[in-house]
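Breakdown of the fold
Letter by letter, the chains look like this.
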Amino acid sequence: METFTWCPRINPTEDVSYNTRKVKFGDGYEQVSGNGLNSRSQKWAMEFVGDDNYISAIRHFIDKHAGIKSFFWKPPLEPLGLYRCDEHKLIPNGAGNYTLSLVFIQAFKS
């Protein structure tokens, strides 16, 4: 399994969500519990800025995994984990420079 080694531009953004089950009762009481073994998941949005060689290498890595194959990546303040990238956006900035926006979704291995 490959490791994503490029460093994002300043301010990668993390979204954490919790997979929960909720049951509401008639008197306003709500029972909540975790759903599954991996009830906490992360999603990271980040940008990479560089010339065509730098951005092409990142795009090649992402395209090779095609949104279905996981890869290793170490996010800020988190341990090394498995992630997928199933969406990205390329913005040409002119003069041979580009901005590549990626969204990494935490993946889990059984």
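Here, every reference points to the structure presented above.
Residues numbered from 1 in each chain as written. Predicted model: local features only at pLDDT ≥ 70, side-chain atom pairs only at ≥ 80, totals over all residues. Heavy atoms only, no water.

Details of the side chain of Gln42
- With respect to the helices, strands and loops of the structure, Gln42 is situated in strand β4 (residues 40–51).
- Among the residues examined, Gln42 registers a relative accessible area of 4% and is labelled buried.
- Side chain to side chain, Gln42 and Glu78 meet in a polar contact 3.5 Å long.
- Within the structure, the side chain of Gln42 is placed 3.3 Å from the side chain of Tyr83, a separation counted as a polar contact.
- Discounting residues that sit within four places of it in the chain, Gln42 has contacts with Glu14, Asp15, Val16, Pro75, Glu78, Tyr83, Phe104, Ile105 and Gln106. (Helix = DSSP H or I, 4+ residues; strand = E, 2+ residues; numbered from the N terminus. Buried < 20%, exposed > 50% of the residue type's maximum accessible area, 1.4 Å probe, protein only. Polar contact = N/O pair within 3.5 Å; in protein donor to acceptor, adjacent residues only side chain to side chain. Contact = heavy atoms within 4.5 Å.)

Details of the environment of Ser33
- Residue position: Ser33 is located in strand β3 (residues 30–34).
- Residue classification places Ser33 among the partly exposed positions, given a relative accessible area of 38%.
- It is 8.8 Å that separates the C-alpha atoms of Ser33 and Asn19, two residues lying 14 residues apart in sequence.
- The contact partners of Ser33, leaving out residues within four places of it in the chain, are Asn19, Thr20 and Arg21.

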